[in-house]
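For reference, the chains in residue letters:
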Amino acid sequence: MSKRKLIAKGLVTLSLFTQHFAWAQTTTTVKRPPQFVMFAFDGSYNNEVWQYSRDYTKLRKDAGVDTRFTFFINPVYFLSPENKTFYQPPGQRLILDGAGNEVATKNRGSAIGWGDDRRDISDRIDQMNAAYREGHEIGSHAVGHFDGGFRNKKWDLRWSEADWKSEFTQFYAILDRVFDLNGISKKESKGLLFRNEITGFRAPVLGVSPGLWPNLPKFGIQYDTSKLNFVNYWPQRNEFGTWNFPLAEVPEPGGARKWISMDYNFCVRDSARVLKEEPQTMQIMKRDKSGNTVKANKARDCLNEVSTAQKAQVKANMLSIYRSYFNNNYYGNRAPVHIGHHFSKWMSGAYMEAFFEFANEVCSKPEVKCGTYNELQAFMEKSSASEIEAYRKGTFAKLPRPKSASVARHLDLKIDMTSDANFMNISLAGRDAQMAGLKKFVTVGDVTKEIDGTIDLKDIREVSEAGQDALVRISVENRMNKEIATATYTVKAVGTQNEVVDSENVEGRWEQGHMAEAHRDDVDFTKGH
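## Overview of the overall build of the chain
Item 1. In terms of helices and strands, the chain carries 12 helices and 23 strands.
Item 2. Radius of gyration (C-alpha) of the chain: 26 Å, near the 24 Å computed for a compact globule of 529 residues.
Item 3. Based on the C-alpha atoms only, the size of the chain along its principal axes is roughly 95 × 70 × 45 Å.
Item 4. Here the chain holds 529 residues, and 53% of them are scored as buried.
Item 5. Here the chain displays about 24,600 Å² of accessible surface, and carbon together with sulfur accounts for 51% of that area.
Item 6. If the 72 positive side-chain charges of the chain are averaged to one point and the 66 negative ones to another, these points end up 7 Å apart.

## Here's the deal with the packing of helix α2 (residues 47–62) against helix α3 (residues 118–133)
Item 1. At their nearest, the axes of α2 and α3 sit 10 Å apart, and the two run at 20 degrees to each other. Viewed along their axes, α2 and α3 adopt a mutual orientation that is roughly parallel. Taken as a pair, α2 and α3 cross one another with a handedness that is left-handed. Facing N47, W50, Q51 and R54 of α2, the residues of α3 in contact are D120, D123, R124, Q127, M128, A130 and A131.

## Comments concerning the sheet that holds strand β16 (residues 414–419)
Item 1. Pairing is antiparallel in the open sheet, where three strands are placed in the order β16-β17-β20. Sheet topology places β16 and β20 (454–456) at the edges, where each strand pairs with a single neighbour. On average, each strand axis in the sheet is inclined to that of its neighbour by 20 degrees, with strand direction left out of account.
Item 2. As paired strands, β16 and strand β17 (residues 423–429) are joined by six bridges and run antiparallel to one another. Directly across from I415, in β17, lies its bridge partner L428.

## Overview of the pattern of salt bridges
Item 1. A complete count under the given rule lists 40 salt bridges for this structure.
Item 2. With its nearest N and O atoms 2.7 Å apart, the salt bridge here joins E134 to R54. Highlighted residues: E134 in the loop between α3 and β5 (137–140) and R54 in helix α2, separated in sequence by 80 residues.
Item 3. A salt bridge links E353 to K311, with the nearest nitrogen and oxygen atoms 2.7 Å apart. Of this pair, E353 sits in helix α8 (residues 346–362) while K311 sits in helix α7 (residues 308–330), and the two are 42 residues apart along the sequence.
Item 4. One connected set of salt bridges, linked through shared partners, spans E252, R257, K276, R473, E477, K482 and E483.

## Remarks on the state of the cysteines
Item 1. Counted according to the given criterion, the structure contains two disulfides.
Item 2. For C267, the disulfide goes to C302, at an S-S distance of 2.1 Å. Between C267 and C302, the S-S torsion sits near 105 degrees, and that sign places the bridge as right-handed. With C267 in helix α6 (residues 263–277) and C302 in the loop between β13 (293–295) and α7, this pair connects stretches of sequence that are 35 residues apart. When sorted by exposure, C267 lands in the same class as C302, which is buried.
Item 3. Here C363 pairs with C370 through a disulfide, and the sulfurs are 2.1 Å apart. Given an S-S torsion of about -100 degrees, the disulfide between C363 and C370 has left-handed geometry.
Item 4. According to the relative accessible area criterion, C363 is buried, its value standing at 6%.

## Considering the sheet that holds strand β18 (residues 439–444)
Item 1. The five strands lie next to each other as β19-β18-β21-β22-β23, forming an open sheet whose pairing is antiparallel. Each having just a single partner strand, β19 (447–451) and β23 (500–501) make up the two edges of the open sheet.
Item 2. Sheet analysis places strand β22 (residues 483–492) next to β23, joined by two bridges and oriented antiparallel. Within β23, the residue paired with V491 across the bridge is V501.
Item 3. Its contacts with the sheet place α6 against β18, β19, β21 (470–477) and β22, and it is angled at close to 85 degrees to β21.

## A look at the nonpolar core
Item 1. By size, the foremost hydrophobic cluster in this structure holds 89 residues, and its most contacted members are F39, F71, I73, F78, F201 and M347.
Item 2. Tallying contributions element by element places α8 first for this core, with 11 residues.
Item 3. Once residues within four sequence positions are removed from consideration, I73 is found in contact with G43, S44, W50, M128, I138, G139, S140, H141, A142, F171, L175 and F194.
Item 4. One finds I415, M424, I426 and V472 within the second-largest nonpolar core, a separate group that totals 26 residues.

## Some remarks on the environment of F72
Item 1. Take F72: it is sitting in strand β2 (residues 70–73).
Item 2. F72 sits 28 residues away from S44 along the chain, and the two C-alpha atoms are 7.4 Å apart.

## With respect to the side chain of S110
Item 1. By secondary structure assignment, the location of S110 is in the loop between β4 (102–106) and α3.
Item 2. For S110, a relative accessible area of 0% corresponds to the buried category.
Item 3. A distance of 3.1 Å separates a polar atom in the side chain of S110 from the backbone nitrogen of I112.

## Considerations on the environment of S384
Item 1. For S384, the location among the structural elements is in the loop between α9 (373–382) and α10 (385–393).
Item 2. For S384, a relative accessible area of 31% puts it in the partly exposed group.
Item 3. Taking C-alpha positions, S384 is 54 Å from G445, a pair spaced 61 residues apart along the chain.
Item 4. For S384, the side chain forms a polar contact with the side chain of S386, separated by 3.0 Å.

## Topic: the packing of α6 against α7
Item 1. In contact at an axis separation of 11 Å, α6 and α7 are set at 140 degrees when each is read in the N-to-C sense. As summarised for this structure, α6 and α7 are arranged oblique, according to the angle between their axes. Between α6 and α7 the crossing geometry is right-handed. Side by side, α6 and α7 meet where D263, F266, D270, R273, V274 and E277 of the first sit next to Q310, Q313, V314, N317, M318, I321 and Y322 of the second.

Basis of the calculations
Residues numbered from 1 in each chain as written. Predicted model: local features only at pLDDT ≥ 70, side-chain atom pairs only at ≥ 80, totals over all residues. Heavy atoms only, no water. Helix = DSSP H or I, 4+ residues; strand = E, 2+ residues; numbered from the N terminus. Rg over C-alpha atoms; globule rule 2.2 N^0.38 Å. Buried < 20%, exposed > 50% of the residue type's maximum accessible area, 1.4 Å probe, protein only. Areas by Shrake-Rupley, 256 points an atom, 1.4 Å probe, with all protein chains shown as cover. Lys, Arg positive; Asp, Glu negative; His and termini not counted. Charge placed at Lys NZ, Arg CZ, Asp CG, Glu CD. Axes fitted to C-alpha atoms, helices over the stretch in contact; angles between N-to-C directions. Parallel < 35°, antiparallel > 145°, perpendicular 65-115°, else oblique. Left-handed = near helix turned anticlockwise from the far one by under 90°. Contact = heavy atoms within 4.5 Å. Pairing = 2+ DSSP bridges. Salt bridge = Lys/Arg side-chain N within 4 Å of Asp/Glu carboxyl O. Disulfide = S-S within 2.5 Å. Core = buried A, V, L, I, M, F, W, Y, C linked by side-chain atoms within 4.5 Å. Polar contact = N/O pair within 3.5 Å; in protein donor to acceptor, adjacent residues only side chain to side chain.

Take a look at the structure:
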């Protein structure tokens, strides 16, 4: 063999050895981290849910599975209608004046109601103290659940640094005065056991502004959970030293959308689909606490009650997306999994059931830690910068992914819309736009019909109230009749000389976690919810 061939052969052999050596180094640089799964609740009103969640974790502990939650609380539920004026919310919100114009007005009351009475508040205190004693964590969800990060094309109502300071100051003032404000005797010598242990925050409707960040360390907040990021994101600190523990934007298996790992965001999208398929859902009746027959669903954006078939469908969808999220990380770079829910039983309790079923599935798996955010923070702070970088890159020996943990591919498919004075023109873009069997539909109110790509604005005027804004929802279904892509546009001032089609796909805000409409009309309740 010639010298040149020997050298070439040696280089090939060396390159193969070097690749193998590099692979071995990058996959065994650090010990594989545990899979943190963070289960958190926002709110805190419903004492029955407090009890259920505590009972659940005690039963799991008896079965040898350590599962604990983080509860982000709103102190308006420590105030009754009689003493609600103790809280004076900062900031502004938008309302409609007598002429139907949007105007900014000072926030008042509470966006989510109040505690019911002294007995109700006393029970809530007991539940929180018991949860803390049992190893759960209590964090802050601000006071009145107002949106401190709202802005749109016309209005910028983001809270200033002074606004956030006022909110945090009042948060702790209510905690410190909860007993004398309500005439309740302390059952614990320390009163609220968690009063000085609150180190985490989640902003209402995930609405943040630059004025928030300087305030967090001033009030002892060491981590924030108000942002969003990729499913495989490993936490980092911001310039103020606050840990970023974000919710995830989870790619939809077999679909083209991303879903925020929080139940309310699911509810908005699921409600739109349910009402497309079963518009009669808005007419479902139930009995209230007084035994009167009332409508179960008051708002179209997030349904309280749905049919049995629809409940099963939304539950299966949530579990599928959560499983995809978990498997991506568990068999990948082990980035923490973040699940955020509320104390509300939307969709006939489908999300609540999915929350606990998912916890059942994952918390007993090897190397999984279903703990509190305090524990995640402690892990991050004892890990070196090089270890965290290795976790981020996934340079450790991973578990082999079984076939049962495989998920359908996320689709590259986008809905585009252009308009003129007479038509909305709908087209599909992306690598999967030419998939066989795709069908497009338009829904306005309770009317849905299949389209080929053009929507006549005359049809929208026929089913909409003149002068009002109409939401036009476009949905794409695959050959199995499953929605895989959606977009929603607003036709403003329908049927007037000012009629215009807004080019913004409002669902883009659903994928950012920011939905200022969530409590827009729910101000100054006399009861909590």
